[in-house]
Amino acid sequence: MTLSATALDELDRHLLALLRVNARESTANLARRLGVARTTVVARLARLEQAGVIAGYTVRLGQDAAGGGLQACVGISVQPRSGRDVLRRLNKMPEIHLLCTVSGEFDYVAWLHAASPDQLDALLDTIGEIDGVTRTTTSVVLARKIDRGGVLP
């Protein structure tokens, strides 16, 4: 069974929003906040999990507890037909926590974590030296102002 985003009703979307804030919230509290029976929440969660809308539950560490260091977003442009080789090389870099293909100015956007400015500098040099990479642009994360999970490590 698969659910598309358009198949989610208002209750599903509200339930997902509450779980983004606190994935450990009890089903009883979720039901109370949604104004529905606890069994309704349990059934919705099971359906959303089975459909792959909810892929899992996790712990998000606070920025200070995440081991310090720096987080950065790197836009990466690649030469035509180089994407597969570039992806293979990027996949071997454990500092990259999320890599997305995107439309627009860049081909990929990578979210990465480095322990120090020196490590970030070396990592950016390594990315820039990959055959097929034509350009990178980096933005260092200074602070999280809104964090609903799922984007930054």
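Above: the structure in question.
The structure displayed is predicted, hence computed values, not measured ones.

## Quick look at the packing of helix α1 (residues 10–21) against helix α3 (residues 38–50)
Logical step 1: Where α1 meets α3, the axes come as close as 11 Å, and the angle between the chain directions of the two elements is 85 degrees. Classified by the angle between their axes, α1 and α3 sit roughly perpendicular to one another. Two secondary-structure elements touch here, α1 through Leu11, Asp12, Leu15, Leu16 and Leu19 and α3 through Thr40, Val41, Arg44, Leu45, Arg47 and Leu48.
Logical step 2: Looking at the contact of α1 with α3 residue by residue, the classes come out as seven nonpolar, one polar and three charged.

## Some remarks on the environment of Leu87
Logical step 1: In this structure, Leu87 sits in helix α4 (residues 83–91).
Logical step 2: Among the residues examined, Leu87 registers a relative accessible area of 40% and is labelled partly exposed.
Logical step 3: On a C-alpha basis, the gap between Leu87 and Ile130 in space is 10.0 Å, while along the polypeptide they are 43 residues apart.
Logical step 4: In this structure, Leu87 is in contact with Leu99 and Tyr108, ignoring residues within four places of it in sequence.

## Focus: the state of the cysteines
Logical step 1: The tally for this structure, following the rule as stated, stands at zero disulfides.
Logical step 2: Not part of a disulfide, Cys73 finds its nearest cysteine sulfur in Cys100, a span of 9.1 Å.

## With respect to the sheet that holds strand β3 (residues 108–114)
Logical step 1: Read from one edge to the other, the open sheet built from four strands follows the order β2-β3-β1-β4, with strand pairing classed as antiparallel. Each end of this open sheet is capped by a strand with a single partner; those strands are β2 (96–101) and β4 (133–140). Taking the axes of each pair of neighbouring strands and ignoring which way they run, one obtains an average angle of 20 degrees across the sheet.
Logical step 2: In this sheet, β3 lies alongside strand β1 (residues 70–78) in antiparallel orientation, the contact comprising seven bridges. Of the residues in β3, the one forming a bridge with Cys73 is Trp111.

## Remarks on the packing of helix α2 (residues 27–34) against α3
Logical step 1: Viewed as axis vectors pointing N to C, α2 and α3 meet at an angle of 105 degrees, and their least axial separation amounts to 8 Å. When the axes of α2 and α3 are compared, the pair comes out roughly perpendicular. The segment α2 lies against α3, with Thr27, Ala28, Leu30, Ala31 and Leu34 engaging Arg38, Val41, Val42 and Leu45.
Logical step 2: Taken together, the residues of the contact of α2 with α3 break down into seven nonpolar, one polar and one charged.

Scoring rules and cut-offs
- Residues numbered from 1 in each chain as written.
- Predicted model: local features only at pLDDT ≥ 70, side-chain atom pairs only at ≥ 80, totals over all residues.
- Heavy atoms only, no water.
- Axes fitted to C-alpha atoms, helices over the stretch in contact; angles between N-to-C directions.
- Helix = DSSP H or I, 4+ residues; strand = E, 2+ residues; numbered from the N terminus.
- Parallel < 35°, antiparallel > 145°, perpendicular 65-115°, else oblique.
- Contact = heavy atoms within 4.5 Å.
- Nonpolar A, V, L, I, M, F, W, Y, C, P; charged D, E, K, R; others polar.
- Buried < 20%, exposed > 50% of the residue type's maximum accessible area, 1.4 Å probe, protein only.
- Disulfide = S-S within 2.5 Å.
- Pairing = 2+ DSSP bridges.

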